[in-house]
Amino acid sequence: MPTFRPAALRAVTALIARRMGSAETEAAEVADHLVRANLAGHDSHGVGMLPTYVRLLQSSLLVPNQTAETVLDAGALLVVDARRGYGQRMAADAVRRAVGRARELGACVLALRNAAHIGRIGTYGELAANAGCAFVAFVNVSDHAPPQATFGAAEGRLGTNPFCVAVPGSDGPALLLDMATTTIAAGKARVAYNKGTSVPEGALIDAEGKPTTDPTAFIRDHLGALLAFGRHKGSGLAVMCEIMAGAVAGGMRADEPYGDGVMNSMLAIVIDLSKLGDPAEIVGSVEATKAFIKSARVAPGVEEVLLPGEPERRSAEKRSQGIEVDPTTWNDICAAAGKLGITQAEIDQALGANAG
Ligand code: NAD
């Protein structure tokens, strides 16, 4: 399995983003985001997204260096239309603005509309938490055939609609819940397909609505649908992500005619803990609650009770010395780079200069 140092993957990703047309700062933001997703263990939202981004660029469905439009700037309400801008920078810029507003007013409600794929939502939770803010985000995914079947449905009607909550700690987020509302993120079905493995039971239905663990038809032929997690409850959360990010925030909705893009809209609430009370006291209470939860006896066959965000932190520690990228994904990345005129020698040079 090809294995890369994080710095080497960052260099190749930034090279591709620059050749897509991004300015240095945008390319660096995209590269950092994607590699951090790999470090967190979410290969579905890491550098393996690059071929999709190149396809979106070449169909004018992703716009590098886009200037977001401020639709409403009214105290604690901020509405920003990203106009298909490169999602990682559009979303990070908007959340940074919302954090600034929360610092002034105590809280900010951010409606981010119509960004090209914004990637791993946890990145924005980390951004807010690192600035001392709690963060709640409802996100919808639109502009392609809807891959999520809601509870009781035999076909897709929604995107994989992620939900995220982050709470600050003394060193980064104390807790970070970041999840698709489908049992697995769509990208995880792509990773399974690329590796030739199956997806977990209860995650996927075929074109007839019957359960399957084979991701082939879903990824290759866009047939079947991913199931919402947690039956009617997860399905309900997926519906509310759609409503909050689409109808309420004003982003593209699931019921609108779609194309072949990947668009994210987000309704995020950012709360400055220092305006709410004593942040140290709040963080102390969070840690006490965490310790209480973790002190439970473990269920048979389980090693440890984990909390939201712990698997990602552990993965990042483990992968800091090397990130494996499966051969199919790596070949796809090199082919996408080739479409931008990037030679293998340039890729090798970017990797080589960052091998240490
Ligand atoms: P996941 O199922 O791996 O994890 C979901 C959450 O559960 C995480 O907060 C994780 O810390 C926690 N968790 C995992 N194992 C745990 C355990 N044993 N005990 C306690 N907590 C545990 O994540 P996912 O649903 O596959 O999502 C993957 C990524 O996909 C996320 O980063 C999400 O933002 C991203 N995503 C993005 C989009 C988009 O359109 N931009 C759409 C869907 C998903």
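This text gives an overview of the structure that appears in the document. (Residues numbered from 1 in each chain as written. Predicted model: local features only at pLDDT ≥ 70, side-chain atom pairs only at ≥ 80, totals over all residues. Heavy atoms only, no water.)

### Structural notes on the site of the ligand
Lining the immediate environment of the ligand, one finds 22 residues, of which Gly119, Asp178, Ala180, Gly309 and Glu312 sit closest. Between the ligand and alanine 180 there is a distance of 2.8 Å, counted from an oxygen atom to a backbone nitrogen or oxygen. Interatomic distance of 2.9 Å between a side-chain N/O atom of lysine 188 and an oxygen atom of the ligand. In the complex, the protein chains occlude 79% of the 860 Å² of accessible area that the ligand would expose alone. Those elements that place two or more of their residues in the shell around the ligand are strand 8 (173-179) and helix 11 (310-319). At four residues, strand 8 tops the list of elements feeding residues into the shell around the ligand. Looking at the shell around the ligand, its residues break down into eleven nonpolar, seven polar and four charged. (Near = heavy atom within 4 Å. Polar contact = N/O pair within 3.5 Å; in protein donor to acceptor, adjacent residues only side chain to side chain. Areas by Shrake-Rupley, 256 points an atom, 1.4 Å probe, with all protein chains shown as cover. Helix = DSSP H or I, 4+ residues; strand = E, 2+ residues; numbered from the N terminus. Nonpolar A, V, L, I, M, F, W, Y, C, P; charged D, E, K, R; others polar.)

### Comments concerning the nonpolar core
Within the largest apolar cluster, 37 residues are counted, with the highest numbers of intra-cluster contacts made by Leu9, Ile16, Met20, Val47, Tyr53, Trp330 and Ile347. Of all the elements in the fold, those that place two or more residues in this core are helix 1 (6-19), helix 2 (24-39), helix 3 (50-58), helix 12 (327-339) and helix 13 (344-352). Sorting elements by how many residues they give to this core places helix 1 first, with six residues. When sequence neighbours within four positions are dropped, the list of residues in contact with leucine 9 reads Phe4, Val35, Val47, Ile323, Val325 and Trp330. (Core = buried A, V, L, I, M, F, W, Y, C linked by side-chain atoms within 4.5 Å. Buried < 20%, exposed > 50% of the residue type's maximum accessible area, 1.4 Å probe, protein only. Contact = heavy atoms within 4.5 Å.)

### A short note on the packing of aromatic side chains
Counted according to the given criterion, the structure contains three aromatic pairs. When the ring of tyrosine 53 is compared with that of tyrosine 86, the centres are 5.7 Å apart and the planes differ by 90 degrees; the resulting orientation is edge-to-face. In this pair, tyrosine 53 is assigned in helix 3 and tyrosine 86 in the loop between strand 3 (77-81) and helix 4 (87-105), connecting sequence segments 33 residues apart. Both residues of the pair, tyrosine 53 and tyrosine 86, belong to the buried class. A ring pair is formed by phenylalanine 138 and phenylalanine 163, whose centres lie 5.3 Å apart and whose planes are at 55 degrees; its orientation type is tilted. Within this pair, whereas phenylalanine 138 is found in strand 5 (residues 133-142), its partner phenylalanine 163 is found in strand 7 (residues 163-168), the two being separated by 25 residues in sequence. (Phe/Tyr/Trp six-rings, centres within 6.5 Å; stacked < 30°, edge-to-face > 60°.)

### Some words on the sheet that holds strand 2 (residues 69-74)
Spatial strand order, 2-3-4-12-5-7-8: seven strands in an open sheet with mixed pairing. One side of each edge strand has no neighbouring strand; the edge strands of this open sheet are strand 2 and strand 8. Pairs of neighbouring strands in the sheet enclose a mean axial angle of 10 degrees, with direction left out of account. In this structure, strand 7 lies alongside strand 8, joined through six bridges in antiparallel fashion. Paired with alanine 166 across the two strands is leucine 176, which belongs to strand 8. Strands strand 5, strand 7, strand 8 and strand 12 (263-272) of the sheet are contacted by helix 8 (residues 231-248), whose axis makes an angle of about 90 degrees with strand 5. (Pairing = 2+ DSSP bridges. Axes fitted to C-alpha atoms, helices over the stretch in contact; angles between N-to-C directions.)

### Topic: the pattern of salt bridges
Applying the stated criterion across every chain yields a total of 24 salt bridges. Residues aspartate 178 and arginine 120 are paired through a salt bridge, measuring 3.8 Å at the closest nitrogen-oxygen approach. Here aspartate 178, found in strand 8, pairs with arginine 120, found in the loop between strand 4 (107-116) and helix 5 (122-130); they are 58 residues apart in sequence, far enough to count as distant. Per residue, the accessibility class of aspartate 178 equals that of arginine 120, and both read buried. A single network of salt bridges, built from pairs that share partners, joins Arg10, Asp32, Arg36, Arg120, Glu126 and Asp178. (Salt bridge = Lys/Arg side-chain N within 4 Å of Asp/Glu carboxyl O.)

### Comments concerning the side chain of asparagine 38
Here asparagine 38 shows up in helix 2. Residue classification places asparagine 38 among the buried residues on the basis of a relative accessible area of 2%. In this structure asparagine 38 touches Asp43, Gly46, Val47, Ser315, Arg319 and Ile323, once residues within four positions along its chain are discounted.

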